[in-house]
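# An overview of the molecular structure
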Amino acid sequence: MSKISVSNLDFYYGKAQALHAISLEIPQNEVVAFIGPSGCGKSTFLRTLNRMNDTIPGTRVEGEVLIDGNDINEQKTDVVALRRKVGMVFQKSNPFPKSIFDNVSYGIQINQIHKGKADLQGRVEKALRNAALWDEVKDRLNTSAFGLSGGQQQRLCIARALAVEPEIVLMDEPASALDPAATQKIEELVVELKRDYTIIIVTHNMQQAARVSDRTAFFMLGKLVEYNRTDKMFTNPDEKLTEDYITGRFG
Amino acid sequence: MTSLTALCTLGVISILILILGYISYQGITSLSWQFLVETPKPVGEGGGIGNAIVGSLILLGLASLVGIPLGIAIGTYLAELGSGWFGTIVRFVADSLIGVPSIVFGVFVYALIVLQQGYFSTLAGSVALALIMIPIVTRTTEEIVKLVPKSMREGALALGAPEWRVTWDIVLPAAKTGIATGAMLAIARVLGETAPLLFTAFGSRFYNIYLDEPMASMPVQIYNYAISPFEEWHAKAWAATLVLITLILLINISVRYSTRKGY
């Protein structure tokens, strides 16, 4: 069974329809890339998967999003539990005005995942190791997160998301504000994390999609144009529109 | 353009320095330890503002205890949830209250508390000052809390934090320096208020710690010294003014210091 199963999803900002009848299946432990021109709805779609759009007044969802077979838009869904299960990394790194340690431990503490102080420290270390940041920050865990470089801040945000032990990690253009070296680190990390997590990554960078993902979804004007295995998508796409976009004829 | 703005800045700062310098010059001669601890005495017998300093601090402390938390709470509410009609009304009321002359608060509390109880009291004075503080703290808090980036809230929400915890754990700490500035503004404002205290705390010539008795305060004491016909008392008014300004400065510095950006 698919980890995430979306069928006939419509999404509205007020009266404006941003997503039209999206249906796709995302298998467990794969990396899926969402590509498409700006404003095509890929970020909006990403945010429907952890109901982050709830924070925007006047939005409305129709259709079905099943995660592990449960409809996340049902009345009885616990949004807090959903967001713990579906972690998110944002386009711009957004560390809290706290120390490095407290940034990572925050999610663990509010969800009361840990048993005792030693366990908390262990979990923070594990999350920072998983985000390939531990060696760079282990000697200054109690200093401000704002003292880190942009790339380190983004990996800190990844560590923060991983610390609450999600099953799915949503990444909204996580490397768009980073230099090539920092981007490469994030990409290596994504491939690494695939073993334990299901990852969805929105990107503007076609090469990045090709490098890290198993499957790619191409969005345009709020519609899903094509969803295929990445190797097929980038060599022999089914749709003419996909080919035009990937080869850079527009967008 | 740069030189023009620099010139304006220089102009304003020099006026400020002129005022402070003149107050220091006039006030410093009458300053003494006795002046700081003694109660007012008849002309020619010395006396000071000890009870007024204590009175002002008690009035301010009580007013802050109520006014600042309430102001922060209302301001946070307006910033986080106040987009509806109720928020608009609250915001309008707060804005209007900021513009109300402080003597109106004094008269209001006089009618509400002093007339009901039949005597001037510390309590009434503190209530009047708190009422002045609340809208100031409310509006500055709202503006500052609104400045906390949305991305920071979303980061916390995405970890499964409920809304109230996001506000409490992330937004308010991120805004604390600005909120402290708002509180400072309110403190500085009420510490120098005379009018609302004339009808409420009234003033006293003795040390007092009781809530149900009239209470001395520095602005009222300065007023009494300044309107007198005696040269000696005029000097005391200057000295008291110097003490008041120094006190505001000290409070300002300590608040700044304790809420400086930790992270």
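The sections below set out a description of the structure shown in this document. (Residues numbered from 1 in each chain as written. Chains lettered and ligands numbered in written order. Predicted model: local features only at pLDDT ≥ 70, side-chain atom pairs only at ≥ 80, totals over all residues. Heavy atoms only, no water.)

### Focus: the overall build of chain B
The cut-off we apply is this: Strands here mean DSSP runs of E at least two residues long; helices mean DSSP runs of H or I at least four residues long; both are numbered from the N terminus. Here, residues are in contact when the closest pair of their heavy atoms is within 4.5 Å. To be clear on the numbers: accessible area is Shrake-Rupley with a 1.4 Å probe, and residue cover counts the displayed protein chains and nothing else. For the purpose of charge, His is not counted, nor are the chain termini; Lys and Arg are scored as positive and Asp and Glu as negative. Each charge is placed at NZ for Lys, CZ for Arg, CG for Asp and CD for Glu.
Secondary structure summary: chain B contains 11 helices and 0 strands in total. Across chain B, helices and strands are ordered from the amino to the carboxyl terminus as α-α-α-α-α-α-α-α-α-α-α. Expressed as lengths along the three principal axes of its C-alpha atoms, the size of chain B is roughly 70 × 55 × 30 Å. Taking contacts inside chain B between residues at least 6 apart in sequence as the whole, the part at least 24 apart equals 75%. When the accessible surface of chain B is split by element, carbon and sulfur atoms take 73% of a total near 13500 Å². Of the charged side chains in chain B, 14 are positive and 14 negative; the average position of the first set lies 8 Å away from that of the second.

### A short note on the packing of helix H3 (residues 100-110) of chain A against helix H6 (residues 150-163) of chain A
Residues and elements named next belong to chain A. So the rule is basically this: Axis definition: a line fitted to C-alpha atoms, over the contacting stretch in the case of helices. Angles run 0 to 180 degrees between N-to-C directions. We call two directions roughly parallel when the angle between them is under 35 degrees, roughly antiparallel when it is over 145, roughly perpendicular when it lies between 65 and 115, and oblique otherwise. Should the near helix be turned anticlockwise from the far one by less than a right angle, the crossing is left-handed, and should it be turned clockwise, the crossing is right-handed. Residues were grouped as follows: Ala, Val, Leu, Ile, Met, Phe, Trp, Tyr, Cys and Pro as nonpolar; Asp, Glu, Lys and Arg as charged; and all remaining residues, including Gly, as polar.
Where H3 contacts H6, the axes come no closer than 7 Å and their chain directions differ by 30°. As the angle between them shows, H3 and H6 are arranged roughly parallel. Crossing hand, H3 versus H6: right-handed. Judged by residue contacts, Ile100, Asn103, Val104 and Ile108 of H3 engage Leu156, Ala159, Arg160 and Ala163 from H6. Taken together, the residues of the contact of H3 with H6 break down into 6 nonpolar, 1 polar and 1 charged.

### Considering the sheet that holds strand S4 (residues 59-67) of chain A
To keep things clear, this is the line we draw: Two strands are counted as paired when DSSP detects at least two bridges linking them.
With respect to topology, 4 strands assemble into an open sheet ordered S2-S1-S4-S5 (chain A), the strand pairing being antiparallel. The open sheet is flanked by strand S2 (16-26) and strand S5 (70-71) of chain A, the only strands paired with a single partner.

### Details of the sheet that holds strand S10 (residues 223-229) of chain A
In a beta sheet, neighbouring strands pair by backbone hydrogen bonds and run either parallel or antiparallel. All names here are of chain A. Read across the sheet, 6 strands follow the order S6-S7-S8-S3-S9-S10 without closing on themselves; strand pairing throughout is mixed. At either end of the open sheet lies a strand with only one pairing partner, and these are strand S6 (86-89) and S10. Each strand of the sheet is rotated relative to its neighbour by a mean of 15°, with strand direction disregarded. Both strand S3 (residues 31-35) and strand S9 (residues 215-220) contribute to a ladder of 4 bridges, which runs parallel. Directly across from Ala33, in S9, lies its bridge partner Thr216. Contacting S6 and strand S7 (168-172), H6 crosses the sheet at an angle of about 170° to S6. The strands touched by helix H7 (residues 180-193) within the sheet are S3, S7 and strand S8 (198-202), with S8 carrying the most contacts at an inclination of about 150°.

Note that all results are geometric; they support no functional claim without further evidence.
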